[in-house]
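What follows is the residue order along each chain.
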Amino acid sequence: MNRTELIAKVSERAEISKNDAAKCLNAVLGAIADNLTKGDKELALPDFGRFSVKQVPERKGINPRTKEEITIEAHEKIVFKASDNMDLYSRKHC
């Protein structure tokens with residue numbers, strides 16, 4: 001599913017226009033992104049899952065072109081862990 005298809009699905013389920021659904025989706029995704037980058041770096045949605053920021057330590061890697069060993073710097077990445085109850089969420093909110 002891509003963004004356009006998601007907007008269409010939200011529009012259909014919420015019985016709102018696609019334009020309003022796009023505004024809602026943008027607002028939700030923006031709020032999630034702001035919290036993960038500038039806030040407490042964790043977002044829990046009961047019966048859906050948890051987004052969090054994980055620290056990835058520095059590590060050694062191989063440049064695939066040159067086969068030379070390189071150092072991959074430490075960085076953060078966003079991870080998502082689905083709730084064990086995710087299937088219940090989709091049934092409750094249809």
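Quick look at the structure, then. Quick caveat: nothing in here was measured; it's all calculated off a predicted structure.

**Things to note about the side chain of Ser-52**
Working step 1: Mapped onto the elements, Ser-52 comes out in strand E2 (residues 49-56).
Working step 2: Residue Ser-52 is classed as buried on the basis of its relative accessible area, which comes to 17%.
Working step 3: Ignoring any residue separated from it by four or fewer positions in sequence, one finds Ser-52 in contact with Leu-36, Lys-41, Glu-42, Lys-77, Ile-78 and Val-79.

**What to know about the packing of aromatic side chains**
Working step 1: In the structure shown here, the tally under the stated rule is 2 aromatic pairs.
Working step 2: Considering the side-chain rings of Phe-48 and Phe-80, the 5.6 Å spacing of their centres and the 50 degrees angle between planes classify their relative orientation as tilted. A residue pair is termed long-range when its members are at least 10 positions apart, and Phe-48 in the loop between strand E1 (42-45) and E2 and Phe-80 in strand E5 (residues 75-82) qualify at 32 residues.
Working step 3: For Phe-48, a relative accessible area of 28% corresponds to the partly exposed category.
Working step 4: On the basis of relative accessibility, which here comes to 37%, the residue Phe-80 falls in the partly exposed class.
Working step 5: When the ring of Phe-51 is compared with that of Phe-80, the centres are 4.7 Å apart and the planes differ by 45 degrees; the resulting orientation is tilted. With Phe-51 in strand E2 and Phe-80 in strand E5, this pair connects stretches of sequence that are 29 residues apart.
Working step 6: An aromatic cluster is present here, built from Phe-48, Phe-51 and Phe-80 joined pairwise through their rings.

**Details of the sheet that holds E2**
Working step 1: If you trace the 3 strands from one edge of the open sheet to the other, you get E1-E2-E5, paired in antiparallel fashion. If you trace the sheet from one side to the other, it starts and ends with E1 and E5, each paired once. Strand-to-strand, the axes of this sheet are offset by a mean angle of 25 degrees, without reference to chain direction.
Working step 2: Here E1 runs beside E2; their pairing, made up of 4 bridges, is antiparallel.

**Considering helix H2 (residues 18-38)**
Think of an α-helix as turning once every 3.6 residues; residues three or four places apart then point the same way.
Working step 1: In a regular helix each residue adds 1.5 Å, so 21 residues correspond to 30 Å; H2 covers 29 Å between its end C-alpha atoms and thus fits that length.
Working step 2: Along H2, the positions that sit buried rather than exposed are Ala-21, Ala-22, Leu-25, Ile-32 and Leu-36. The buried residues of H2 occupy an angular sector of 100 degrees when projected down its axis, which confines them to one face. Facing away from the buried side of H2, by more than 90 degrees, are the exposed residues Asn-19, Lys-23 and Lys-38.

**Here's the deal with helix H1 (residues 3-14)**
Working step 1: Here H1 is 12 residues long and its end C-alpha atoms lie 16 Å apart, about the 16 Å a rise of 1.5 Å per residue gives.
Working step 2: Glu-15, located one to two residues past H1, shows a positive phi value of around 55 degrees.

The rules behind each value
Residues numbered from 1 in each chain as written. Predicted model: local features only at pLDDT ≥ 70, side-chain atom pairs only at ≥ 80, totals over all residues. Heavy atoms only, no water. Helix = DSSP H or I, 4+ residues; strand = E, 2+ residues; numbered from the N terminus. Buried < 20%, exposed > 50% of the residue type's maximum accessible area, 1.4 Å probe, protein only. Contact = heavy atoms within 4.5 Å. Phe/Tyr/Trp six-rings, centres within 6.5 Å; stacked < 30°, edge-to-face > 60°. Pairing = 2+ DSSP bridges. Axes fitted to C-alpha atoms, helices over the stretch in contact; angles between N-to-C directions. Expected span 1.5 Å × (residues − 1). Arc of directions from axis to C-beta.

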